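A closer look at the structure
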Amino acid sequence: MSEGVRLDKWLWAARFFKTRSLATEAVDRGKVTVNGDRVKPARSVRIGDVLEIDNGSDQWEVDVMGLSDVRAAAPIARNLYEETDVSVARRAAVAENRRMFREPSADFKGRPTKRDRRQLGKL
């Protein structure tokens, strides 16, 4: 495995995405860059590469420290990468902003129920 591992497999094995197809889709949409370049899902990841990953909820910048194409437990997956200091600070700032200002739409869970529609009608 010294040559490298497919990017989509590595992202899945490192637990940035729940499924390999989600990882492939993110790479195709440009949400993942390797050393600052847009790449394809079949691109080989090597130790020392710098990845920028936007998985929808968080944005990560990580250095590849290990290679794996099989999904393992979360503590093992954390050994595959090391998050950069800039990324840690950015994610902490975003988490603090989320804590201070809660998005109003976060309380809505899908379509309104029959009871909700009745209450809206009374207004």
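Here the structure is a predicted model, which means the values were calculated and not measured.

1. Section: the overall build of the chain
Of regular secondary structure, the chain possesses five helices and seven strands. The order of helices and strands in the chain, counted from the N terminus, is β-α-α-β-β-β-β-β-α-β-α-α. Relative to its length of 123 residues, the chain is extended, with a C-alpha radius of gyration of 19 Å against a globular reference of 14 Å. Oriented by its inertia axes, the alpha-carbon framework of the chain measures out at about 65 × 30 × 30 Å. The long-range fraction of contacts in the chain, counting pairs at least 24 apart against all pairs at least 6 apart in sequence, stands at 47%. When the accessible surface of the chain is totalled, it reaches about 8,600 Å², and 52% of it is carbon and sulfur.

2. A word on the UniProt feature "domain: RNA-binding S4" (unreviewed entry) in the chain
This chain's UniProt record puts "domain: RNA-binding S4" (unreviewed entry) on residues 5-61. Across residues 5-61, the secondary structure splits into 28% helix and 30% strand, with the terminal C-alpha atoms separated by 18 Å.

3. A few points about the pairing of strand E6 (residues 59-64)
Two elements, strand E5 (residues 50-54) and E6, share five bridges in a ladder whose sense is antiparallel. Opposite Leu51, over in E6, you have Val62 as the bridge partner. The turn joining E5 and E6, which pair antiparallel and follow one another in sequence, is formed by four residues; a positive phi near 100° is taken by Gly56. For E6 and strand E7 (residues 81-83), the ladder comprises three bridges, and the chain directions are antiparallel. Bridge assignment links Val64 to a residue of E7, and that residue is Tyr81.

4. Some thoughts on the side chain of Asp8
Mapped onto the elements, Asp8 comes out in helix H1 (residues 7-13). Engagement of the side chain of Asp8 in a polar contact is seen with the side chain of Arg6, the distance being 3.0 Å. If we skip the residues at most four places from it in the chain, Asp8 touches Arg20, Ala23, Thr24 and Pro41.

5. Brief notes about the pattern of salt bridges
What the rule picks out here adds up to eight salt bridges. Of the charged contacts in the structure, one is a salt bridge between Arg43 and Asp49, with a shortest N-O distance of 3.7 Å. The exposure class assigned to Asp49 is buried, which follows from its relative accessible area of 10%. For Asp58, the salt bridge identified is with Arg98, shortest N-O distance 3.8 Å. Taken together, the residues Asp58 in the loop between E5 and E6 and Arg98 in helix H4 (residues 85-100) connect sequence positions 40 residues apart.

6. Examining the pairing of E5
Here E5 shows a buried face lined by Leu51 and Ile53 and an unburied face lined by Val50, Glu52 and Asp54. Strand direction decides the pairing type here: strand E2 (residues 32-34) and E5, joined by three bridges, are antiparallel. Within E5, the position partnered with Thr33 by the bridge is Glu52.

Thresholds applied
Residues numbered from 1 in each chain as written. Predicted model: local features only at pLDDT ≥ 70, side-chain atom pairs only at ≥ 80, totals over all residues. Heavy atoms only, no water. Helix = DSSP H or I, 4+ residues; strand = E, 2+ residues; numbered from the N terminus. Rg over C-alpha atoms; globule rule 2.2 N^0.38 Å. Contact = heavy atoms within 4.5 Å. Areas by Shrake-Rupley, 256 points an atom, 1.4 Å probe, with all protein chains shown as cover. UniProt positions renumbered as here; feature names shortened; annotations may be inferred. Pairing = 2+ DSSP bridges. Polar contact = N/O pair within 3.5 Å; in protein donor to acceptor, adjacent residues only side chain to side chain. Salt bridge = Lys/Arg side-chain N within 4 Å of Asp/Glu carboxyl O. Buried < 20%, exposed > 50% of the residue type's maximum accessible area, 1.4 Å probe, protein only.

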